[in-house]
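These are the residues of each chain, in order.
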Amino acid sequence: MATPSSSSEGLPEHGGAADKLSMLFTGPMGFSVNNDTWFAEARIKAAFYPKFDNENSDQETRNRMIEMVSRGLATIEVTLKHSGSLFMYAGQHGGAFSKNSFGNIYTAAGVFILGRIFREAWGRKLLKCRTNLIIISRLFELNTHQEYSKNRVNISMELVTAVLGDHGQRPKDDYAVVTAVTELGHGKPKFYSTPEVIAFCRKWRLPTNHVWLFSTRESAFSFFAAYDALCEEGTATPVCKALDEVADISVPGSKDHAIVQGEILEGLVARMVSRESSVQMEEVLRNFSQTPLDGVDCDLGPTLREICAPDRLDEMQKIKAILENVGSSMYPDHFDWSGNDGLDAQSRKAGESVVAEFLQAHPTDYATKKLQETIRLMKQMKPSFFPAAFKCYGNYQKVDSLSNDKYYKMVIHVHDDSVFKRYRQEMKKNQGLWPLYRGFFIDVNLFKANNKKAAELSKESNILLNSIEGSLDSSSSAKDGLADEDSNLMIKLKFLPYKIRTFLIRNGLSAIFKDNRSDYSNYYVRKMESWGTSESKLKELCILLNKWATYIRGKYDDESLSSSIYLTVENLERKYLSEAEPFLEQYAKSSPANLALVRAADDMVQTEKFLAILDAQRDEDDDFQPECGAVPSCRTASLDVVSKTEGLIVFFPGIPGCAKSALCNEILKMPGGLGDNRPLHSLEGDRTKGKYWQKVAAEQKNKSFRIILADKNAPNKDVWQQIEDMCRTTNAAAVPIIPDSEGTDTNPFSLEALAVFMFRVLKRVNHPGNLGKDSPNAGNVLLKFYKLYDGKIRREFENELYERFGSLVKMPLLKPDRAPLPGDVKSILDEGLGLSSLHGVKRGRGKPSNGSDVSEEWKQWEERLREILFGYEDYLKSIQVPFDVALKEVVEQLKAVAKGDIKTPDTAKQRFGNIIFAAVKLSQADILGLLRKVAEKDTDVSNFLNGIKLENNLNKVHITLAHKGAHGVAAVASYAVYQNQEVPVSFNALFYNDKMAALEAQLGIVNGETIVSRNDWPHCTIWTAAGVGPKKANTLPQLVSEGKAKRVPIGPPITISGVLDFY
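What you see is a predicted model; the values in this text were computed from it and never measured.

1. Quick notes on the side chain of His257
Structurally, His257 is set in helix α9 (residues 257–260). Residue classification places His257 among the buried residues on the basis of a relative accessible area of 2%. Those residues in contact with His257 that lie beyond four places of it in its chain are Leu80, His82, Ala236, Gly262, Ile264 and Leu265.

2. What to know about the packing of aromatic side chains
Considering all chains together, one arrives at 33 aromatic pairs under this definition. Ring geometry for Phe583 versus Tyr587: centroids 6.1 Å apart, planes at 25 degrees, classification stacked. Of this pair, Phe583 and Tyr587 both sit in helix α25 (residues 577–589), 4 residues apart, which is roughly one turn of the helix. According to the relative accessible area criterion, Phe583 is buried, its value standing at 11%. Between the aromatic rings of Trp720 and Phe797, the centroid separation amounts to 6.2 Å while the plane-to-plane angle is 45 degrees, which identifies the pairing as tilted. Pair noted here: Trp720 is in helix α30 (residues 717–730) and Phe797 is in helix α33 (residues 794–805), with a separation of 77 residues, a long-range link. Phe797 sits in the buried class, given a relative accessible area of 1%. Directly above the ring of Trp122 sits Arg205, whose terminal nitrogen or CZ lies 4.0 Å from the centroid.

3. Quick word on the packing of helix α6 (residues 194–204) against helix α10 (residues 277–287)
Running from amino to carboxyl end, α6 crosses α10 at an angle of 15 degrees, the nearest separation of the two axes being 8 Å. Considering the angle they form, α6 stands roughly parallel to α10. Relative to α10, α6 is oriented so that their crossing is right-handed. Only Ser277, Gln280, Met281, Val284 and Leu285 of α10 make contact with α6, whose side of the interface consists of Thr194, Pro195, Ile198, Ala199 and Arg202. Looking at the contact of α6 with α10 residue by residue, the class counts come to 6 nonpolar, 3 polar and 1 charged.

4. Some words on the nonpolar core
In a soluble, globular protein the nonpolar side chains are often hidden away together inside. Membership of the largest hydrophobic core comes to 82 residues, with the highest contact counts inside it found for Ile76, Leu243, Leu922, Ile927, Phe987, Leu999 and Ile1022. Setting aside residues up to four positions removed in sequence, Phe987 forms contacts with Leu922, Ile927, Leu930, Ile959, Leu999, Glu1000, Ala1001, Cys1020, Ile1050, Pro1053, Ile1054 and Ile1056. One finds Val696, Ala755, Phe785 and Phe797 within the second-largest nonpolar core, a separate group that totals 57 residues.

5. Comments concerning the pattern of salt bridges
This structure, assessed with the given rule, holds 38 salt bridges. Note that Lys190 is salt-bridged to Glu196, the shortest N-O span being 3.5 Å. In this structure, Lys370 engages Glu373 in a salt bridge whose closest nitrogen and oxygen atoms are separated by 2.7 Å. Of this pair, Lys370 and Glu373 are both found in helix α15 (residues 366–380), 3 residues apart, which corresponds to roughly one turn of the helix.

6. Points about the sheet that holds strand β22 (residues 809–811)
If you trace the 5 strands from one edge of the open sheet to the other, you get β19-β20-β18-β21-β22, paired in parallel fashion. On the outer flanks of this sheet lie β19 (680–684) and β22, each paired with one strand and no other. Adjacent strand axes in the sheet meet at a mean angle of 20 degrees when their direction is disregarded. Where β19 and strand β20 (residues 707–713) come together, 5 bridges link them in parallel fashion.

7. Observations concerning the sheet that holds strand β4 (residues 85–89)
Across the sheet, which stays open at both edges, the 5 strands sit in the order β5-β4-β7-β8-β9 with antiparallel pairing between neighbours. One side of each edge strand has no neighbouring strand; the edge strands of this open sheet are β5 (96–97) and β9 (190–191). By the bridge criterion, 5 bridges tie β4 to strand β7 (residues 152–160) in an arrangement that is antiparallel. Looking at β7, one finds that Ser85 is bridged to Leu159.

8. Observations concerning the environment of Leu869
Secondary-structure assignment places Leu869 in helix α35 (residues 853–871). For Leu869, a relative accessible area of 0% puts it in the buried group. Discounting chain neighbours no more than four positions away, the residues touching Leu869 are Ala755, Met758, Phe759, Leu762, Val825 and Leu876.

9. Thoughts on the pairing of strand β18 (residues 648–652)
The buried count for β18 comes to 5 of 5 residues, which makes it a mostly enclosed element. Burial of the side chains of β18 extends over both faces: Leu648, Val650 and Phe652 are buried on one face and Ile649 and Phe651 on the other. The sheet contact formed by β18 and β20 spans 4 bridges and is parallel. Bridge pairing in β20 places Leu648 opposite Ile707. Two elements, β18 and strand β21 (residues 733–739), share 4 bridges in a ladder whose sense is parallel. What sits directly across from Ile649, in β21, is Ala734.

10. Focus: unusual backbone geometry
A cis amide bond links Gly1051 to the next residue, Pro1052, at an omega of -10 degrees. Summarising the element assignment, Pro1052 is placed in strand β30 (residues 1046–1062). In this structure, Ala659 is a non-glycine residue whose phi angle is positive, near 75 degrees. Relative to the elements of secondary structure, Ala659 occurs in the loop between β18 and α28 (660–669). Residue Asn980 is not a glycine yet carries a positive backbone phi of 70 degrees. Counting through the fold element by element, Asn980 comes out in the loop between α41 (969–973) and β25 (982–992).

About the criteria used
Residues numbered from 1 in each chain as written. Predicted model: local features only at pLDDT ≥ 70, side-chain atom pairs only at ≥ 80, totals over all residues. Heavy atoms only, no water. Helix = DSSP H or I, 4+ residues; strand = E, 2+ residues; numbered from the N terminus. Buried < 20%, exposed > 50% of the residue type's maximum accessible area, 1.4 Å probe, protein only. Contact = heavy atoms within 4.5 Å. Phe/Tyr/Trp six-rings, centres within 6.5 Å; stacked < 30°, edge-to-face > 60°. Lys NZ or Arg CZ within 6 Å of the ring centre and 35° of its normal. Axes fitted to C-alpha atoms, helices over the stretch in contact; angles between N-to-C directions. Parallel < 35°, antiparallel > 145°, perpendicular 65-115°, else oblique. Left-handed = near helix turned anticlockwise from the far one by under 90°. Nonpolar A, V, L, I, M, F, W, Y, C, P; charged D, E, K, R; others polar. Core = buried A, V, L, I, M, F, W, Y, C linked by side-chain atoms within 4.5 Å. Salt bridge = Lys/Arg side-chain N within 4 Å of Asp/Glu carboxyl O. Pairing = 2+ DSSP bridges.

In short, the description is geometric, and any link to function would need to be established separately.
As structure tokens, this is what we get:
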């Protein structure tokens, strides 16, 4: 396996450095100076993987992954998610970078930690300066020798340190693990496969992550089941142990998470890789062994924590102290942090004109052209579509070599993760488009050439571009035999102990210190519900988090937070573990259940004892024994089962013209309302004075037993949050009604839907809100509403409503067999959207300022909008679903909601419960029928069954196959491949005494394999006396041998079927 090699590109030195620096930052660069032509050469200096968030639900992603593995087309690769920050290093002359910046404390800390890793790995060899330089130069020789420039490399790492802010647990040591190795040449960046990364790191003694491969159907099913079994209590040691047992290949990391980070584990990252990965990994493990560290006993100097002592409050002081301890071998100069001549590098940001000049310059090679293409696409789109910044800085490392050329470092900073998803949509349209990377840094060189030289360069670059494009962009988009959508499949699986600390405790601090004390409880309940947290765990955490809020508010009141320049909520969040860990430790000591809840394993109890602690408090069905004290009510009413004693708020996340008022009026006229005895009440937004949603809340509070039709558009999360708060305070449920529309790449409503809404509004007469035929800016107003939804595709929009409110009603809008939208209609809508982006139209109904060119432009557009829409009146009427049909469908859906019959559709977020055991579930009717047959043949059995309340015990009748506490997570997970399949079960004997009764079972065959229970005695418990736990039934065979119970044979054995599932 080739090792990357590098060295710096030498450039002639002309003129003084100060003169060249001033050229970088003065005056706009013209492209017509002396009739010379500007050229551009760009090189990616660092790049991390593009961000992949699946467009499908987690369950759909799981299913697709399992399907690909089952068909032998791919392998699931799983790695640990360490809690740290992205750090990228491209060698002494390549640079150090954090996620969206450079020259900061993150990169200083990263260079320091990496240098320490080298010294620890290579020992005394590296303590000699010359040897140190040789090893590091060889590792990154691709960045230091021009002849190898096509193979430049950068290494990406997860940097974990206590000095950069707290995550789930303050790490025991400051460290880093390599997460990617990237070759950066003249073409598209090449990311090493994981086997190649392992080989590279073992050769150069760099730290690696723990990796598991799942290449069979059985192991793929078992992986996801193992996560589900551990999702609410998983920490590093039990998670790694379980995955080691179910994986086909396990490659331990050179850094043990439990030793360097601690037991609190953020999560796992699972992604699809090629089916050859297992073979490649086995070859790497044979050829590259883990080299012992030579410098473990060496004096490595002060640690990062010692350097960044609390008395160093100023960040620049910390950076300076860190860099002084780095040494020149890792970074020969400090220009990225201090600039030149004492100037701060970040403060000498070049003007935005540099980006425009770069895009106008003639590309000298293929890489430059493709990078221009990426940036041009993003710059040409609406800012709301691609919110990103292109920040340029002078390249201080090339100051002494400046001639008339101008060198910059460009940072592409994506502001919103949704950009990556939208960019991938553009890549589907343009197969030659390069990816958009996270941590995206480019070196840019702008230079002039005279006419003769320009012609030569143009000719050479065009020939090069054409030849490369012909060989690369026409190639298949498949990657390692996987289609793009499959190679990009990735899922992040986080664990509740980590989420308690980061999302509920740390991120909830701002809500704790708000004036409304209920804000925090609303915040954490909403979070846990979105995760699908189990009911029992949610109740436990409500108690914990309420006590945490009381504790931290008591220690830091509002006055102390506002009066201190150092003690702010933001600073408290950065170092929250200083308060949270002592609190959690005390809370954990109060009971074994609390200890298991917070998982404070490190110093208080060995982690492998946790399952035993939990198991001691659970019966076979894994229910916690009830504890004294009332559990606070903290869950919002769910529409999965709507009680008729509750109220119901019907609301409309839509746009004017979506027919909400017409719908509300018709519902009010219906005899019998929605089919139950709750009265209906409508509150029309255009006729309601004052703050509308406060009025709705007051109405619901005064008369909670009714259905309110909130006849007003509810277009954003602020309104949705208010509705959630109403539900929580009044014990009501809520259901959104939305127009059914396909949506666009950036908006949940299509342009056809927008055209219909505008047409309806412009046909209104005497509208109470003055938004109708006589409104001069009606089109403008609808565009404002439409743009409120920008940034969400249809699926995201629907899923968020599902997650918040539990169900969703769709109102039919457009006929499926309709004709396409006419070009004139599309053009006028596109023009209006362009005007709104150009002139920064903001929310509200105010007109643009009168007398301005903008106002006149809008006036002309409004006139043409009416002319075009009325000209296509027949078309716009023909594509709509008739109102009576839409009304009927909406009413049917609403009645189902009101009765509690509605179920959350498959597209909603799947709730993955915390798996405790695997079992074959049996029906009550089948077991009762079997027992009647046994009783008919045995009088004693008949008398026994008649003397107990058997029906009360048969609600959860099952045969336990494996229990997490008794048999381990891997044993439970091994049954995942048979989940939801029917299992034949033969019963051959009844065991009973005066305290319990059970049926002896023999499990049958599924898919050619016999199902085997991990219990020594497979059985089905059918009854226990009061105070006797179901687990006691395991002792019945022993009691029979002792004469303390009876065994009644069933001959011939009776076979019934059950379904295998997890509980």
